[in-house]
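# Per-entry structural report
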Amino acid sequence: MASSLLPWGKVPLQICRLSYCSYPHHLEFIFCPQSYSKRIIHEKPNSKETLVFGLSACHYQLKPATALNSEESHPTNQENQTQEPSTLRRGENFEQWDSMTAKFAGAANVPFLLLQLPQIILNARNLQAGNKSALLAVPWLGMFTGLLGNLSLMSYFIKKRETEAVVVQTLGVVSIFVVMLQLAMAEAMPLPHFIATSIVVASGLIVNFMKYFHLLNLEIWHVWEDFITIAGLSALPQVMWSTFVPYVPNTILPGVISFSTAVLAVLMARIGKLSDQGTKFLGSVSSWCATLLFMWMPVAQMWTNLLNPDNIRGLSAVTMLLAMIGNGFMIPRALFIRDFMWFTGSSWGCIFYGLGNLICMYCFNSISKEFFLAATLGFIAWIGITLWRDSQAYGYSSPLTSLKELVFGP
C-alpha cells in the first residue's frame, strides 16, 4: 500500500533529478506507486528524512517479478553504486522505453474503444434484417468468459494503479456487454443468464470505480475480491466444459465441484486457517483465473468457427484486427514491468483472438490474402521490435534475456 515503508537497511538509493530531489540533508528515497503527493517522515534517532514521490518526481527502475508472483510486480528501486557512462546511457534508454511503453498502453484504448464496434454494427444490421441466425456465429459463452475476465482484470489493475490498463478493461466490459445484449435480443443467449450477467456487470463497475477513487470501504472491497475469486474459479472449468457440448455430456458438475472448492478455500482464508503462503497463492490463482477466462474467449470462438464454418461471415475481420492491435500495444508495457500474467494474456489475445480468427477467416475465404499477410507480417515485426527494444533498454545483448527474466525473474 502507499503508506508502507521498507526497513532502512533494505532501502536502495535512488537516482533523482536535481530539480526535484535536491535537498540539503541526508536523504533516502523510496518509490511508492500509489503516492500522489510528497510526504516527509522524520526519523528521530538518525535525523533522517524519507521522501516519497509519485511517478513524475524521480527516476526509477523496475524489479522483474517471477511468473507466479505477477501481482507483486511494480516499479521499484534498484541499487546504483556507480555512475559510469555506460550506466548513464542505459538509464537514458531505460527511461525512453519506459515512457514509450506507457504511451503504447495508453494508445491501446483507441483500438479497444473501436474493438467491438464493427461487430456491434454487423449484429445490428442482421437484427434489422431478421437474420438472427447470423448472430449464432458469436458464442455467448465465449463473450461471457471475456467479460468476466475483463471485469476481474479491472480489479487487478486497479490494485496496481495501472490507469491505462484499467481504462482498457473498462472498455472491454462495456463493449462486450453491448454485444451480449444483442445476442439476448436475437435469442442467441438465454435471458436468465443475461439478466444475471447484467447485475454482476453493474455491481462490478460501481465497486471498481469506487475503489479507484478511494471511496470504497476496505471490507466491501475484500468481499468483492472474494466474489471474483469464487466466480472465476467456478466459471472457468464450467465454461471450458460447456464449450465442447454436445461432444461431452451436458452437465454442471465441473462448475459445482469448482464452486465448492473455491468457497471452501475462501472461507478458510477468511477465518485464518490458511497459511500466509496459501492465502497469497489463492490471490494469485484468482488473478490467473481472470486471465484464463479472457484467454478462453478466442478458443470458444475458434471452436465455433470449426463447427459452423458457414457462420464465419457473421464475424467482422476489422474486429479481429483491432483485437490484435490493442493487445499488441499492451505487450511492450507488460514485458517492460515484467508482469508475466499481463504479458501472457495480451500475447494470447494477439495470437488466438486476433491472428487465430483471421487465419480461420482466410482459410474459409472470408478475407483476402493481402489483408491476412499484412496483419501477420505486421504482428511478427511488432514482436521482434518489442523484444529488441526491451533488451536495449535493460542493456542486455540478447532479447531472450528479457523473456527469461519475465518468466523466471532476475
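Values in this document were obtained by computation on a predicted structure and should not be read as measured data.

### Here's the deal with the side chain of Asn150
Within the fold, Asn150 resides in helix H5 (residues 140–160). Judged by relative accessible area, which is 6%, Asn150 ranks as buried. Within the structure, Asn150 has its side chain in polar contact with the side chain of Gln169 (distance 2.6 Å). Excluding anything up to four places from it in sequence, Asn150 contacts Gln169, Gly172, Val173, Ile176 and Phe294.

### Structural notes on unusual backbone geometry
Following Val245, the chain continues to Pro246 via a peptide bond in cis, the omega torsion being 10°. Along the chain, Pro246 falls in the loop between helix H8 (218–243) and helix H9 (253–270). Residues other than glycine seldom take positive phi values, yet Glu187 does so here, at roughly 60°. Topologically, Glu187 is positioned in the loop between helix H6 (163–185) and helix H7 (191–212). By relative accessible area, Glu187 is classed as exposed at 66%. Positive phi is not limited to glycine here, since Arg338 has a value of about 60°. When you line up the elements, Arg338 lands in the loop between helix H11 (317–336) and helix H12 (340–363). According to the relative accessible area criterion, Arg338 is buried, its value standing at 0%.

### Some points on the packing of H5 against helix H10 (residues 276–307)
At a minimum axis distance of 7 Å, the contact between H5 and H10 shows a crossing angle of 150°. On the basis of their axis angle, the class for H5 and H10 is roughly antiparallel. Crossing of H5 against H10: the hand is left-handed. The segment H5 lies against H10, with Gly142, Met143, Thr145, Gly146, Leu148, Gly149, Asn150, Ser152, Leu153 and Tyr156 engaging Ser287, Ala290, Thr291, Leu293, Phe294, Trp296, Met297 and Ala300. A per-class count over the contact of H5 with H10 returns 10 nonpolar, eight polar and no charged.

### Section: the packing of aromatic side chains
The tally for this structure, following the rule as stated, stands at 19 aromatic pairs. Here the aromatic rings of Trp288 and Phe340 are separated by 5.8 Å at their centres, their planes lie at 55°, and the arrangement is tilted. Taken as a pair, Trp288 in helix H10 and Phe340 in helix H12 lie far apart in primary sequence, 52 residues in all. Comparing Trp288 with Phe340 shows no difference in burial state: the two are buried. Arranged with centres 5.8 Å apart and planes meeting at 85°, the rings of Phe329 and Trp382 form a pair that is edge-to-face. Residue Phe329 is located in helix H11, and its partner Trp382 is located in helix H13 (residues 369–394); the two are separated by 53 residues in the primary sequence. What links up through ring pairs into an aromatic cluster is the set Phe94, Phe336, Tyr394 and Tyr396. Arg161 extends its terminal NZ or CZ atom over the ring of Tyr212, reaching a point 4.5 Å from the ring centre. A cation over an aromatic ring shows up here: Arg338 above the ring of Tyr394, its NZ or CZ 4.1 Å from the ring centre.

### As for the packing of H12 against H13
Two quantities define a packed helix pair, namely the angle between the helix axes and the distance between the axes. In the contact formed by H12 and H13, the axes pass within 10 Å of each other and the chain directions differ by 155°. As far as their axial angle goes, H13 and H12 are roughly antiparallel. Relative to H13, H12 is oriented so that their crossing is left-handed. On H13, the residues touching Cys350, Ile351, Leu355, Leu358, Ile359 and Tyr362 of H12 are Lys369, Phe371, Phe372, Ala375, Thr376 and Phe379. Residue composition of the contact of H12 with H13, grouped by class: 10 nonpolar, one polar and one charged.

### Re the nonpolar core
Among the nonpolar cores identified, the biggest contains 74 residues, and Met143, Leu183, Met330, Leu358 and Met361 are the most heavily contacted of them. Setting aside anything within four residues of it in sequence, one finds Met361 in contact with Ile312, Leu315, Ser316, Ala317, Met320, Ser366 and Ile367.

### Remarks on a nonpolar patch on the surface
A surface patch of nonpolar side chains, about 430 Å² in accessible area, is lined by Val110, Leu113, Leu114, Leu117 and Ile121. Among the secondary structure elements, those contributing two or more residues to the nonpolar patch are helix H3 (109–114) and helix H4 (117–128). If you tally residues by element for the nonpolar patch, the top one is H3, at three residues. Secondary-structure assignment places Val110 in helix H3.

### Quick look at the environment of Pro332
Mapped onto the secondary structure, Pro332 falls in helix H11. Of the residues examined, Pro332 reaches a relative accessible area of 0% and is grouped as buried. Linking Pro332 and Leu387, residues 55 residues apart in sequence, is a C-alpha distance of 8.1 Å. If near-sequence neighbours (up to four positions away) are discounted, Pro332 is found in contact with Trp97, Thr101, Phe104, Trp382 and Thr386.

Cut-offs applied
Each residue is numbered by its place in its chain's sequence as written, counting from 1. pLDDT decides what is reported in this predicted model: residues at 70 or higher carry local features, side-chain atom pairs at 80 or more are listed and counted, and totals for whole chains, interfaces and linings draw on all residues regardless. Side-chain numbers come from the whole structure's heavy atoms, not from hydrogens or water. Only DSSP runs of H or I with at least four residues qualify as helices, and only runs of E with at least two residues qualify as strands; both kinds are numbered from the N terminus onward. The buried label goes to any residue with under 20% of its type's maximum accessible area, the exposed label to any with over 50%, and the partly exposed label to all in between, with areas taken from a 1.4 Å probe on protein chains only. Within 3.5 Å is the distance limit for a polar contact, defined as a pair of N or O atoms, with the added protein rule that one can donate a hydrogen and the other accept it, and that residues adjacent in sequence qualify only through two side-chain atoms. Contacts between residues were defined by any pair of non-hydrogen atoms, one from each residue, lying within 4.5 Å. To obtain an axis, a line is fitted to C-alpha atoms, over the contacting stretch when the element is a helix, and the angle between two such axes runs from 0 to 180 degrees between their N-to-C directions. When describing relative orientation, an angle under 35 degrees is termed roughly parallel and one over 145 degrees roughly antiparallel, while 65 to 115 degrees is termed roughly perpendicular and anything else oblique. Crossing chirality is assigned from the near helix's rotation relative to the far helix, an anticlockwise turn below a right angle marking it left-handed and a clockwise turn marking it right-handed. Only Asp, Glu, Lys and Arg are considered charged in this grouping, and only Ala, Val, Leu, Ile, Met, Phe, Trp, Tyr, Cys and Pro are considered nonpolar; every other residue, Gly among them, is considered polar. A pair of Phe, Tyr and Trp rings is counted when the ring centres sit within 6.5 Å of each other, with Trp represented by its six-membered ring. The angle between the planes then sorts it: under 30 degrees is stacked, over 60 is edge-to-face, the rest tilted. Only lysine NZ and arginine CZ atoms are considered, and such an atom sits over a ring when it is within 6 Å of the ring centre and within 35 degrees of the ring normal. Put simply, buried Ala, Val, Leu, Ile, Met, Phe, Trp, Tyr and Cys residues joined by side-chain atoms within 4.5 Å make one nonpolar core. Patch building starts from residues that exceed 30% relative accessible area and form no salt bridge, then joins like charges within 9 Å and nonpolar side chains (Val, Leu, Ile, Met, Phe, Trp, Tyr) within 5 Å. Note on areas: Shrake-Rupley with a 1.4 Å probe; residue coverage comes only from the protein chains shown. We define a salt bridge as a side-chain nitrogen of Lys or Arg found within 4 Å of a carboxyl oxygen belonging to Asp or Glu.

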